[in-house]
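Structure assessment
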Amino acid sequence: MTKQFIIFGFLLLIMSNAFAQKDRIENLPSFDKPRFHYGFYLGLNRNDFKLDYRPNSSTNNPNIVVEPSIGFNVGLIADYRLHKNINLRFEPGLMTNTKTITFNHVVGTDAQRIREDVGSTFLHMPLILKFSTDRLDNVRPYILGGLSFDHNFSSNEDQQDDNTSGEFRMKSSNFMYEVGIGIDIYLQYFKFSPSIRGVFAITDELKYDDASPSQWTDPINYMGTRGVFLHFAFE
């Protein structure tokens, strides 16, 4: 599914580029002159977890499977032009997604092995540097990268119950980095910017079980979000 997501994103960029090149009339010729401009974005995401196991775990052959679903992004854009080809952007928004986690190595019933609808609704606050080429008629390709602070509104970090009571816990905040490619398309009344991005957690998001030993969290050395975004900006 992730490969299909990425391929679809690249096809979208190629098709958008081809469409934009049909019209040689220069739209919004003064759009990039102001220092500041604003906008909003919508998008889709498919967020997974990256898992690293402890080399000397008390649990033999840990086997954890994460099944992600398609989620949604929405937010605002504040753009500051640092240079004719470099922009600093702040893109605060909401990112929502659910996952099903199966602990295949845990001996017991499905209720003990499976954690369904592990929700993540993040306040996603990235600070991004955008590096653009010179404008080519009504299109302008770019690459971007940045860091973000994320607050998980779905966090249950402070709950007393852990996996022994069927409760899978995640921390309330973490840091991520993201990289991506995209293309600005200058239309008659606004600029449309589709992009595809990868996001990767820097910090461990797992809240480990209080009870020890734990079949669920003891084998895990690190668990962090990784995902792919399809991002549609309107400026």
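So, here's what we can say about the structure. (Residues numbered from 1 in each chain as written. Predicted model: local features only at pLDDT ≥ 70, side-chain atom pairs only at ≥ 80, totals over all residues. Heavy atoms only, no water.)

1. As for the overall build of the chain
Counting its secondary structure elements, the chain contains two helices and ten strands. Sequence-ordered secondary structure for the chain, helices as α and strands as β, is α-β-β-β-β-β-α-β-β-β-β-β. Within the chain, the fraction of its 235 residues that count as buried is 46%. In the chain, the proportion of contacts linking residues at least 24 apart, taken out of those at least 6 apart, comes to 72%. Roughly 12,000 Å² of accessible area belongs to the chain as shown, and the carbon and sulfur atoms make up 60% of that amount. (Helix = DSSP H or I, 4+ residues; strand = E, 2+ residues; numbered from the N terminus. Buried < 20%, exposed > 50% of the residue type's maximum accessible area, 1.4 Å probe, protein only. Contact = heavy atoms within 4.5 Å. Areas by Shrake-Rupley, 256 points an atom, 1.4 Å probe, with all protein chains shown as cover.)

2. Some thoughts on the packing of aromatic side chains
One pass over the structure, following the stated rule, counts nine aromatic pairs. Judged by centre distance (6.1 Å) and plane angle (80°), the ring pair of Phe31 and Tyr186 falls under edge-to-face. Remark: Tyr186 occurs in strand β8 (residues 173-186) and Phe31 occurs in the loop between α1 (2-20) and β1 (36-53); sequence separation between them is 155 residues. The pair formed by Phe31 and Tyr186 is uniform in burial state, with each residue classed as buried. We note Lys99 situated over the ring of Phe49; from NZ or CZ to the ring centre the distance is 4.7 Å. Here Arg135 stacks its cationic end above the ring of Tyr186, 3.7 Å away from the centre of that ring. (Phe/Tyr/Trp six-rings, centres within 6.5 Å; stacked < 30°, edge-to-face > 60°. Lys NZ or Arg CZ within 6 Å of the ring centre and 35° of its normal.)

3. Remarks on a nonpolar patch on the surface
Taken together, the side chains of Phe40, Leu42, Val74, Leu76, Leu94 and Phe153 define a hydrophobic patch exposed on the protein surface, amounting to about 560 Å² of accessible area. Residue assignment for the nonpolar patch shows that the elements contributing at least two residues are β1 and β3 (70-83). (Patch = residues over 30% accessible without salt bridge, like charges linked within 9 Å, V, L, I, M, F, W, Y side chains within 5 Å. Salt bridge = Lys/Arg side-chain N within 4 Å of Asp/Glu carboxyl O.)

4. Structural notes on the environment of Pro68
In this structure, Pro68 sits in strand β2 (residues 64-68). With near-sequence residues (within four places) excluded, Pro68 lies in contact with Arg46, Asn47, Asp48, Thr98 and Lys99.

5. Details of the pairing of strand β6 (residues 114-132)
Along a regular strand, successive side chains alternate from one face of the sheet to the other. Two elements, strand β4 (residues 86-90) and β6, share five bridges in a ladder whose sense is antiparallel. Residue pairing across strands places Asn87 opposite Lys130, the latter belonging to β6. As paired elements, strand β5 (residues 93-103) and β6 share nine bridges and run antiparallel to each other. Paired with Lys99 across the strands is Val118, a residue of β6. Across eleven bridges, β6 lies against strand β7 (residues 139-152) in antiparallel orientation. (Pairing = 2+ DSSP bridges.)

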